[in-house]
Amino acid sequence: MSAELAAILAAVATVGIGLAGLTVALWRDVRADIRELRASIDADRIAHEALHAAERQSRAEETRELRAVISAGREDAS
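Residues numbered from 1 in each chain as written. Predicted model: local features only at pLDDT ≥ 70, side-chain atom pairs only at ≥ 80, totals over all residues. Heavy atoms only, no water.

J.: How should the overall build of the chain be read in this particular structure?
T.: Of regular secondary structure, the chain possesses one helix and zero strands. For a compact globule of 78 residues, the expected C-alpha radius of gyration is about 12 Å, and the chain comes in at 34 Å, more than 25% above that figure. C-alpha extents for the chain along the principal axes are approximately 115 × 10 × 5 Å. Relative to its 78 residues, the chain shows a buried fraction of 0%. For the chain, the exposed surface amounts to about 6900 Å²; the carbon and sulfur share of it is 62%. For the chain, the distance from the average site of its 10 positive side-chain charges to the average site of its 13 negative ones is 6 Å. (Helix = DSSP H or I, 4+ residues; strand = E, 2+ residues; numbered from the N terminus. Rg over C-alpha atoms; globule rule 2.2 N^0.38 Å. Buried < 20%, exposed > 50% of the residue type's maximum accessible area, 1.4 Å probe, protein only. Areas by Shrake-Rupley, 256 points an atom, 1.4 Å probe, with all protein chains shown as cover. Lys, Arg positive; Asp, Glu negative; His and termini not counted. Charge placed at Lys NZ, Arg CZ, Asp CG, Glu CD.)

Spelled out as structure tokens, the structure:
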């Protein structure tokens, strides 16, 4: 094998290793971004569910209050 061919193969191997390292680094960043996005989506979902639970609780309290007013009105009418 000539020295020129060995130098070319060494350069190709060096570039290949560098590209592989870059690819791994980029995929790590992408995976980190995906994890952050999923965490954000989970936090939004939890907040959304909490909002709905609060709305249901509020409606239940309003219903109880209305029923109490109706009951009191019926007792006064009797």
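J.: What's the story with the pattern of salt bridges in this structure? I'm lost.
T.: Where charged atoms from two side chains of opposite charge come close, those side chains can pair. Per the counting criterion, the structure on display carries one salt bridge. Measuring nitrogen to oxygen at the nearest pair gives 3.0 Å for the salt bridge that ties Arg-45 to Asp-42. You can see Arg-45 and its partner Asp-42 sitting in helix H1 (residues 3-77), three residues apart, about one turn around the helix. Residue classification places Arg-45 among the partly exposed positions, given a relative accessible area of 44%. For Asp-42, a relative accessible area of 34% translates into the label partly exposed. (Salt bridge = Lys/Arg side-chain N within 4 Å of Asp/Glu carboxyl O.)

J.: Whenever I open this one, a nonpolar patch on the surface confuses me. Can you help?
T.: A cluster of nonpolar side chains, contributed by Leu-5, Ile-8, Leu-9 and Val-12, occupies part of the molecular surface with about 350 Å² of accessible area. Following the sequence through the fold, Leu-5 ends up in helix H1. (Patch = residues over 30% accessible without salt bridge, like charges linked within 9 Å, V, L, I, M, F, W, Y side chains within 5 Å.)

J.: Please explain the environment of Ala-50 as it appears in this structure.
T.: Tracing the sequence through the fold places Ala-50 in helix H1. Each C-alpha atom, one on Ala-50 and one on Leu-9, is 61 Å from the other, the two residues being 41 residues apart in sequence.

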